[in-house]
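Structural features, examined
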Amino acid sequence: MTDTPLVTQISYLLASALFVLALKWLSAPSSARKGVWAGELGMFLAIVGTMLLPSIHEYQWIFLTIFVGAAVGIPIAVLMPMTAVPQRTALSHAFGGLAVGAVGAAEYYTMLGEINRTQEINHFRAGVLMLEVLLGFLTFTGSLMAFGKLQEILPTRPIAYKGQNVINLTLLVIAIVCGALITINPGRSELFPAIVLLSLIFGVLLILPIGGADMPTVISLLNSYAGLSACAMGFVLQNQLLIIAGALDGSSGFILSVIMCKAMNRSFTNVLFGAFGQVTQKAIGEKETRPVRSALPEEAAQILEAATSVVIVPGYGMAVAQAQ
């Protein structure tokens, strides 16, 4: 960061610390509000520090996009009910994935121009670019699918078909092979649109076999993908703050996904490759075998009065059903 202004370095350092504190404070309800403010302040410092870089010469397009983004984002945040927060989060991840993928595409074609002028090939940069584009575009379509299922624009039921996992993995392997070929020879630009297309298709097929009730876990996983793609973008752009923020986002999203899988008694591999959330005919025909005991309000009051501690656990399903 020798060419980076001191004020940018300081803002990046403070933003990194605030991002870490935001994750720490968001882990407890009592400090969650403070964590939100810390994250917002950290992002504000990151944006201001980036705009002070000497490589940025014109600001009119930056301010225009900020105003457009605010005009779209503020109404979504204000008008959307709390029970619709998961789909709003999925929509945000879709925008983030699209931004990362678009930046990756622009950087790739910029790199092609540099290679044509200097004949110098940076294989590491090319490989990271391919990873960024792959994760960014699959996050975009996957998050849009998650939003559509949660908003009931798309069928919420799992959609599975024979050989689904084989087809999905085949598409992913083809995209990885194309990325590897471009990493070896970045001049093979004819393969780049194939990577973008395969990534977009894979994002759709990844979410098809997942039911709407299990979508919050998938959103957390897509959040991890978006963080990893942002981290890769940090290596491409040589931006240390992006590397830190992306790594925090990717690791925390992955850990949260694992925790949610354990809470729902599902394996992580089942989340990735199985049609989890699918209701089988056997399950439909089975009757609940757990003991059920009804009680009058007076009896419930006596039980609560005699209890030493009471835990009330509201679930996401109750919120969606407006049970409150």
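Residues numbered from 1 in each chain as written. Predicted model: local features only at pLDDT ≥ 70, side-chain atom pairs only at ≥ 80, totals over all residues. Heavy atoms only, no water.

So, about the overall build of the protein chain. A tally of helices and strands in the protein chain yields 13 helices and zero strands. Starting at the N terminus and ending at the C terminus, the protein chain contains elements arranged as α-α-α-α-α-α-α-α-α-α-α-α-α. Every one of the 324 residues in the protein chain was classed for burial, and the buried ones make up 36%. Long-range pairs, those at least 24 residues apart, make up 73% of the contacts in the protein chain with a sequence separation of at least 6. Accessible surface for the protein chain amounts to roughly 19,300 Å². Of this, 69% is attributable to carbon and sulfur atoms. (Helix = DSSP H or I, 4+ residues; strand = E, 2+ residues; numbered from the N terminus. Buried < 20%, exposed > 50% of the residue type's maximum accessible area, 1.4 Å probe, protein only. Contact = heavy atoms within 4.5 Å. Areas by Shrake-Rupley, 256 points an atom, 1.4 Å probe, with all protein chains shown as cover.)

Following the criterion strictly, the structure yields five aromatic pairs and no others. Between Tyr59 and Phe63 the ring centres are 6.2 Å apart and the planes differ by 35°, which places this aromatic pair in the tilted class. Measuring from centroid to centroid gives 5.3 Å for Tyr108 and Tyr109, while their planes differ by 65°, and the two rings are edge-to-face. On the basis of relative accessibility, which here comes to 0%, the residue Tyr108 falls in the buried class. Residue Tyr109 is classed as partly exposed on the basis of its relative accessible area of 43%. (Phe/Tyr/Trp six-rings, centres within 6.5 Å; stacked < 30°, edge-to-face > 60°.)

Moving on, we come to unusual backbone geometry. With a phi angle near 65°, Glu152 is a residue other than glycine that sits in the positive phi range. In this structure Glu152 comes out as exposed when scored by relative accessible area, which is 62%. Within the chain, Gln238 stands out as a residue other than glycine whose phi angle is a positive 55°. Secondary-structure assignment places Gln238 in the loop between α8 (215-237) and α9 (240-263). Under the relative-accessibility criterion, Gln238 is labelled exposed at 68%.

Regions with low pLDDT should not have their predicted coordinates read in detail. Confidence in the prediction of the protein chain, expressed as mean pLDDT, is 84, and 88% of residues score 70 or more. This stretch, residues 276-285, has a pLDDT under 50; its non-local contacts, to residues over four places away or in other chains, come to 15 contacts. (pLDDT = per-residue confidence, 0-100.)

Moving on, we get to the pattern of salt bridges. Summed over all chains, the structure comprises three salt bridges. Between Glu107 and Arg125 there is a salt bridge, with its nearest N and O atoms 2.9 Å apart. Note that Glu107 is positioned in helix α4 (residues 85-118) and Arg125 in helix α5 (residues 123-150), a separation of 18 residues in sequence. When its relative accessible area of 17% is taken as the criterion, Arg125 is described as buried. Among the salt bridges present, the one from Glu190 reaches Arg188, with a minimum N-O distance of 3.4 Å. Residue classification places Glu190 among the exposed residues on the basis of a relative accessible area of 51%. (Salt bridge = Lys/Arg side-chain N within 4 Å of Asp/Glu carboxyl O.)

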